[in-house]
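A look at the structure
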Amino acid sequence: MQDDEFFGTGNDIKPARLQPEHEASIETWRDAISRGQIAFLPRATNGNLYWYGFAPTQREKKELLTLLDAWVGPTFSDLPRSRGRLYPQDPFDTPLAATGVSPLRFEVLPRGNRTARDEVRQALLVLSKLVWKRPRSEFDAPRTTVEVLDDLGHAIGAQDRRIAIACLRELEAFADLDHSNLAFLRLRVYAGLGETAAIFADQDLEHILQLRRPLGITRLLQHAVYGRYLEAADRSGDGASLIESAERIPTGLRTLATGVATRTRQALVVEFVLAKLRGAPTATLERLADEAQAISPTLADSLRLLITPEAERVEPLATDPPAEPDVTPVDDLHRLIEEGEFAAAIAVGLAETPSSSTAALLLGCIREFEDPHLAAEVAAFVEASGLKAESRDDDFVVRSDLEWLAGFLNPQRNLGWLGWFDALQSNDPVGMGADFSISAEWASLDHATLANCLASLDEESLARLGDHGGAFMAAHSWLFTGSNGPELCERVLAGFAVSEKNTAGIRLQTVALLEYLSTANPGPATLASSLLWTEDIVRAGTSAVTASWTVDVLQAATASPQALALDAKTRLFYRALEVLRPVRSGLSLADIEGLRLVADELATNLPDDFEIETSGADPAAPYRHLEGSVVVLYSLTESAIVRAAQVLRRLVPGIDVRTTSDHDGSQQLAAFSSNADVFVMVAASAKHAATNFIKDHRGGLPIIQVNSRGSSAILRELAEG
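Below: a short report on this structure.

Here is what the cut-offs are and how they apply
- Residues numbered from 1 in each chain as written.
- Predicted model: local features only at pLDDT ≥ 70, side-chain atom pairs only at ≥ 80, totals over all residues.
- Heavy atoms only, no water.
- Buried < 20%, exposed > 50% of the residue type's maximum accessible area, 1.4 Å probe, protein only.
- Helix = DSSP H or I, 4+ residues; strand = E, 2+ residues; numbered from the N terminus.
- Pairing = 2+ DSSP bridges.
- Phe/Tyr/Trp six-rings, centres within 6.5 Å; stacked < 30°, edge-to-face > 60°.
- Lys NZ or Arg CZ within 6 Å of the ring centre and 35° of its normal.
- Axes fitted to C-alpha atoms, helices over the stretch in contact; angles between N-to-C directions.
- Parallel < 35°, antiparallel > 145°, perpendicular 65-115°, else oblique.
- Left-handed = near helix turned anticlockwise from the far one by under 90°.
- Contact = heavy atoms within 4.5 Å.
- Nonpolar A, V, L, I, M, F, W, Y, C, P; charged D, E, K, R; others polar.
- Right-handed = clockwise from strand over helix to strand, strands pointing away.
- Patch = residues over 30% accessible without salt bridge, like charges linked within 9 Å, V, L, I, M, F, W, Y side chains within 5 Å.
- Areas by Shrake-Rupley, 256 points an atom, 1.4 Å probe, with all protein chains shown as cover.
- Salt bridge = Lys/Arg side-chain N within 4 Å of Asp/Glu carboxyl O.
- Core = buried A, V, L, I, M, F, W, Y, C linked by side-chain atoms within 4.5 Å.
- Expected span 1.5 Å × (residues − 1).
- Polar contact = N/O pair within 3.5 Å; in protein donor to acceptor, adjacent residues only side chain to side chain.

Further remarks concern the pairing of strand β3 (residues 104–107). Burial along β3 is two-sided: Leu-104 and Phe-106 and Arg-105 and Glu-107, pointing in opposite directions, are all buried. Of the strand pairs in this sheet, strand β2 (residues 48–54) and β3 are connected by four bridges, and their pairing is antiparallel. Looking across to β3, one finds that Tyr-52 is bridged to Arg-105.

Once that is clear, we can look at the packing of aromatic side chains. Enumeration according to the criterion identifies 14 aromatic pairs in this entry. Plain terms: the ring middles of Trp-29 and Trp-51 are 5.5 Å apart, the flat faces sit at 80° to each other, and that makes the pair edge-to-face. With Trp-29 in helix α1 (residues 20–34) and Trp-51 in strand β2, the pair connects residues that are 22 residues apart, well separated along the chain. We note that Trp-29, like Trp-51, is buried. Ring centres 5.8 Å apart and planes at 65° place the aromatic pair Trp-417 and Phe-472 in the edge-to-face group. With Trp-417 in helix α23 (residues 416–426) and Phe-472 in helix α28 (residues 470–480), this pair connects stretches of sequence that are 55 residues apart. Among the residues examined, Trp-417 registers a relative accessible area of 1% and is labelled buried. Phe-472 sits in the buried class, given a relative accessible area of 0%. Feature note: the residues Phe-6, Phe-7, Tyr-52, Phe-54 and Phe-92 constitute an aromatic cluster, connected by ring pairs. Lying across the ring of Tyr-50, Arg-105 places its NZ or CZ 4.3 Å from the centre.

Summarising the element assignment, His-625 is placed in the loop between α34 (589–601) and β4 (630–634). For His-625, a relative accessible area of 45% puts it in the partly exposed group. Residues His-625 and Glu-717, 92 residues apart in the sequence, show an inter-C-alpha distance of 13 Å.

To continue, consider the packing of helix α19 (residues 356–369) against helix α20 (residues 372–385). Contact geometry of α19 with α20 gives a least axis separation of 9 Å together with a crossing angle of 160°. Relative to α20, the element α19 is oriented roughly antiparallel. By crossing handedness, the relation of α19 to α20 is classed as left-handed. Every residue of α20 that contacts α19 at Ser-356, Thr-358, Ala-359, Leu-362, Leu-363, Ile-366 and Phe-369 is listed here: Leu-374, Ala-375, Val-378, Phe-381, Val-382 and Ser-385. Partitioning the contact of α19 with α20 into residue classes produces ten nonpolar, three polar and no charged.

So, about helix α32 (residues 547–557). Counting buried positions along α32 gives eleven out of eleven residues, so the element sits mostly inside the fold. Where α32 is concerned, the buried positions are Ala-547, Ser-548, Trp-549, Thr-550, Val-551, Asp-552, Val-553, Leu-554, Gln-555, Ala-556 and Ala-557.

Burial runs high along β4: four of the five residues are buried. Alignment of β4 against strand β5 (residues 656–660), held across five bridges, turns out to be parallel. Looking across to β5, one finds that Leu-633 is bridged to Thr-659. With helix α35 (residues 638–651) bridging β4 and its parallel neighbour β5, the resulting β-α-β unit is right-handed.

Below, the discussion takes up the sheet that holds β2. Backbone hydrogen bonds are what pair the strands of a sheet, in a parallel or an antiparallel way. Read across the sheet, three strands follow the order β1-β2-β3 without closing on themselves; strand pairing throughout is antiparallel. The sheet is open, and its two borders are formed by β1 (39–45) and β3, each paired with just one other strand. Each adjacent strand pair in this sheet contributes to an overall mean axis angle of 25°, direction not counted. Pairing of β1 with β2 involves seven bridges; the strand directions are antiparallel. Counted as the bridge partner of Arg-43 is Tyr-50 from β2. Each of β1, β2 and β3 is contacted by helix α2 (residues 58–71), which is oriented at about 20° to β3, the strand it contacts most. Its contacts with the sheet place helix α6 (residues 114–133) against β1, β2 and β3, and it is angled at close to 5° to β2.

Let's shift gears to a nonpolar patch on the surface. A surface patch of nonpolar side chains, about 260 Å² in accessible area, is lined by Trp-71, Val-126 and Leu-130. Note on Val-126: relative accessible area 39%, which makes it partly exposed.

The biggest cluster of nonpolar side chains holds 78 residues, and the ones touching the most others in it are Phe-421 and Phe-480. Considering every element that reaches this core, the biggest residue donor is helix α30 (residues 504–519), with eight residues. The residues touching Phe-480, leaving out its near neighbours within four places in the chain, are Leu-450, Phe-472, Met-473, Gly-485, Leu-488, Cys-489, Val-492, Leu-513 and Tyr-516.

By the secondary structure assignment, Ala-257 is in the loop between α13 (239–246) and α14 (265–277). In sequence terms Ala-257 and Gln-222 are 35 residues apart; their C-alpha atoms lie 8.3 Å from each other. Contact partners of Ala-257, with chain neighbours within four places excluded, come to Gln-222, Glu-271, Leu-274 and Arg-278.

Turning to helix α8 (residues 161–174), a few remarks are in order. The end-to-end C-alpha distance of α8 is 20 Å, a good match for the 20 Å that 14 residues give at a rise of 1.5 Å each. Within α8, burial applies to Ile-163, Ala-164, Ile-165, Cys-167, Leu-168 and Leu-171. Considering only its buried residues, α8 is in contact with α7 (145–157), α9 (179–192) and α30. Its side-chain oxygen placed 3.2 Å from the backbone nitrogen of Arg-162, Asp-160 serves as the N-cap of α8.

Have a look at this one:
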């Protein structure tokens, strides 16, 4: 509905017939609506007066409802009963309900009371002016790059695509990162979310392939190439199939060889087949096969079968053979560089007398190789060669390599995650500011080392973990999901609690950690401690616009068997209600149903002030389109889909909702995928193999993809159809 249509059929108010000051107010509000600001418009019908509150976003709509509760409240409105909902039975509201962000509606009470009408109008005039003139809130003020990167790390760690992509867009719009670094970061996000197809579709991939890249980016691309072209053939163990598959790798991607020692099967297989395709010498192929021995002896044997010995040189029969040209060490150095044998090239170069030309070559090699010990030897060689003094200002490559080497050997440089933990304990801001763009190069800690590191943190260090832990969680999230994960989850929740940080990343990571806990059979003490920390996180993170998140937290925290840490669960429930009470206007009917569900499971009751009278409105209206349908909810996090299914069954009696958490293909998952009327897949909690399996069996039928964890996100997507 256009704002000029608002005063058409169904509205007895005609602005031109009002007193001048009233008409001016309406014009001001109409102008504010056109500029995407909060504003109000009146409607009179059958002697009753209604006000409609317009907000540009769902978040601001929730906030507006809370403001109206405070400024108008039960004295002059039906807000406590109606919660600002439109009336579907009222034809005037029908087009308003179809807008992207529908307005709030409330009636002025007592009916026909002039004083009430004047009070409400004056309150709305003052409220709108205050809202327009208030300072920018934390939600729309520009954030620092460090803050956004921290949220991005948490989003990747929790596999939340919606927040991750939002952070990426924010960095592209506001961060002081150059074009290449943004492209590298984008690839890291896609890789972290397991979106291989997005990597190959990236607009800057061709440009990146032509750049000198960080080793971590090349490794990332190698893993993507392995997944798309080589994984199936490698699994078959058939060497001929592996080479045949490798020949389908596009020419541009065949530059992804590094010559650097590899530690993963994916990278090693890619290095080997690319070396084979470019006709690398037998020594190179044998080196790669030897490296494979440490990863898998079977793989090593398979690769050795693909090595064809170089043809023996046939001795000439002539009695006067032409003299062979002398092969100098410099020639050998160039040859090794061309073959990608950077370690051997550095060894040959270091044996020579220092010269600026050789030093420049070694600089290029060590930048590809990134070995700290060899880097120190190359630095000494460069110093002795006088390259720094001889290099010209316009020799950008040498200048760049020299700058990189100085940074790489900086004693203040953080050396991996152990160094990062040292920085947390010593409150070293430089060391704590781990650059997300290089964190993937750091080897992840194993469970025992990580547990020791977390256990060694005192309260202040834990708070710093909560403040700066995004990249850390992105690199180690897999350790939190296993059977040994509950103690790790408890320590990180403690860090979030004592830091009192309230960001989107912390909020979604909290739900993820509680879900990991509920599925890992934690001990009662560990679970109880985790829930105590969660109380503080909820207190810091709950607001009018995050009320649904608090319900998700409660549902995840109480998903374990009822008797396990029952007292701690009940305490968390009531503490959460305390912080929700002032902002309960922000709760949807589905949220209220979720709270009632948790109360039932804890054998307690939802307080009366959380009960909402729904006369005149259909609480299940957003889900009525699902009646008579078979709805399948798929997620590896059973607690979220079970809760969502329970809420749907309570709201829409008779609805047929099924849940499934199969890790890969099964007959049941195939049947669900093929036959469901509505299929919901939580991408944030799904294995890649299962995702493809579902899509294959779904055919052309639609899939509702939920990119965030928690039952609220599932219900929100279903409500929007």
